[in-house]
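# Commentary on secondary and tertiary structure
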Amino acid sequence: MISCAEHIIAERPAIAVRSMFAADIAQMIDAELARVCFIIGFGVAAPARTLPCGFVSVTLPALNGSAPYEVWLADEAVTRTTSAGISFAKTGSIVFGCASIAQREGDHLEDITKSLYGQIFDGMDQLGMPHFARAWHYLPAINSAEDALERYRRFSMGRHEAFLAKGRQIEHDAPAASALGSQIVAGQPGQLVIYFIATASRGTPIENPRQVSAYRYPQQYGPKSPTFARAFLAPAPQDIFYVSGTASIVGHETLHANDVRAQTRETIANILALNREAEQRGVNTKRQATHMKVYVRHATDIDAVRAEIDAGELVEKNTDIVYFEADICRRDLLVEIELLSCNAEQRQ
Ligand code: 3EB
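Notes on the structure in this doc start here. (Residues numbered from 1 in each chain as written. Predicted model: local features only at pLDDT ≥ 70, side-chain atom pairs only at ≥ 80, totals over all residues. Heavy atoms only, no water.)

### Focus on the overall build of the chain
For the chain, the count of helices and strands is seven helices and 21 strands. The C-alpha atoms of the chain give 19 Å as radius of gyration, which agrees with the globular expectation for 348 residues (20 Å, within 12%). Based on the C-alpha atoms only, the size of the chain along its principal axes is roughly 65 × 45 × 40 Å. For the chain, the accessible surface area stands at approximately 14,000 Å², while carbon and sulfur atoms represent 49% of it. One way to put it: in the chain the 33 positive side-chain charges average out to a point 2 Å from where the 40 negative ones average out. (Helix = DSSP H or I, 4+ residues; strand = E, 2+ residues; numbered from the N terminus. Rg over C-alpha atoms; globule rule 2.2 N^0.38 Å. Areas by Shrake-Rupley, 256 points an atom, 1.4 Å probe, with all protein chains shown as cover. Lys, Arg positive; Asp, Glu negative; His and termini not counted. Charge placed at Lys NZ, Arg CZ, Asp CG, Glu CD.)

### Thoughts on the site of the ligand
By nearness alone, 14 residues border the ligand, and Tyr 152, Arg 159, Tyr 217, Arg 230 and Cys 329 come closest of all. A distance of 2.5 Å separates an oxygen atom of the ligand from a polar atom in the side chain of Tyr 152. A distance of 2.6 Å separates an oxygen atom of the ligand from a polar atom in the side chain of Tyr 217. Here the ligand, which alone exposes 360 Å², has 99% of that area covered by the protein. Only helix H4 (151–165) and strand S11 (176–182) provide two or more residues apiece to the shell around the ligand. In terms of residue count, the dominant contributor to the shell around the ligand is S11 (three residues). (Near = heavy atom within 4 Å. Polar contact = N/O pair within 3.5 Å; in protein donor to acceptor, adjacent residues only side chain to side chain.)

### Remarks on the pattern of salt bridges
Applying the stated criterion across every chain yields a total of 17 salt bridges. The residue Glu 150 makes a salt bridge to Arg 153 at a minimum N-O spacing of 3.4 Å. Here Glu 150 falls in the buried class, since its relative accessible area comes to 15%. Glu 277 is paired through a salt bridge with Arg 281; the nearest N and O atoms lie 3.7 Å apart. A cluster of three or more residues bridged by salt bridges with shared partners is formed by Glu 70, Arg 134, Lys 293 and Glu 338. (Salt bridge = Lys/Arg side-chain N within 4 Å of Asp/Glu carboxyl O. Buried < 20%, exposed > 50% of the residue type's maximum accessible area, 1.4 Å probe, protein only.)

### As for the sheet that holds strand S15 (residues 240–246)
The six strands lie next to each other as S13-S14-S15-S21-S18-S19, forming an open sheet whose pairing is mixed. Strands at the two margins of the open sheet, each flanked by one partner only, are strand S13 (204–206) and strand S19 (319–325). The sheet shows a mean angle of 15° between the axes of neighbouring strands, direction not considered. In terms of strand pairing, S13 meets strand S14 (residues 231–233) through three bridges, oriented antiparallel. Along S14, the bridge assignment pairs Ile 206 with Ala 231. Against the sheet, helix H6 (residues 260–280) touches S13, S14, S15 and strand S21 (335–342), its axis set at about 150° to S15. (Pairing = 2+ DSSP bridges. Axes fitted to C-alpha atoms, helices over the stretch in contact; angles between N-to-C directions. Contact = heavy atoms within 4.5 Å.)

In structure tokens:
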């Protein structure tokens, strides 16, 4: 007979995320020392205590009382390694990785992206975790030009080249992803921060019937299309559903320029369409736990965006929502929403 406690352990997702305040981190770490994979601070420095895991600060502020620390927790003790400056925290089924590199005078974003992505693939392969599930990218001044091309487009070129250089197939191996613009800090080099989840066995990319796949965007959005899937279903038995950063794009075009409320509603419609795709693959999208990140280009739009989200169908009782101020990778996009959901017991 399976006791209640064992049952709960079996129901844990392979990896979970919580947004937390500094005051709550110490206690969590003391309780879960061996299972903490990594902590990211949005617009904040490291919490003032010794951490058992890696930490990175992203210059992208949490808004209006949102918890600024993102804590990643595995379902079992992790092994921590570093390779080529990339931190890894690995279990038997999954690895969480994070890299942060400075773009120094004379560095080209396309080149440093390609080289860092290549090292990420090498690290994944060496650890026996060759399958990408989810990637987050935060890069400063994402909408500014570098050598006459928008930096997001340069980043997309470097990422695309790394996929090909490392023998990955764009349409099968692309993870769910987000790419947001962080802030430049005067007098400091910009940091390209990439963190990701990869797995030992292959998961399932999911596309949105309302949208052209990003890897098939026409050239007007840049010389190389962005390499990501609209959503990704982690391999069994994980039951984690990752939804990429999702915006007010239908087909390949931005809809509702200058109307942040309409953009939010369109974004929610896009995410609901992805949920339906997941349901067709047997996922119960009435989830026990959901972690949602909302990025707004203008902090002054937060109340309007929040009102639309609260009125929409996305939010359920166990949804954690955090808001951020960020540049989004098309100038006419004002809001972007990403989420991760699972049916296992998220409260570990
Ligand atoms: C879009 O749908 C909006 O380049 O990794 C969303 C999620 C976006 C991920 C990426 C870009 C990326 O095209 C932008």
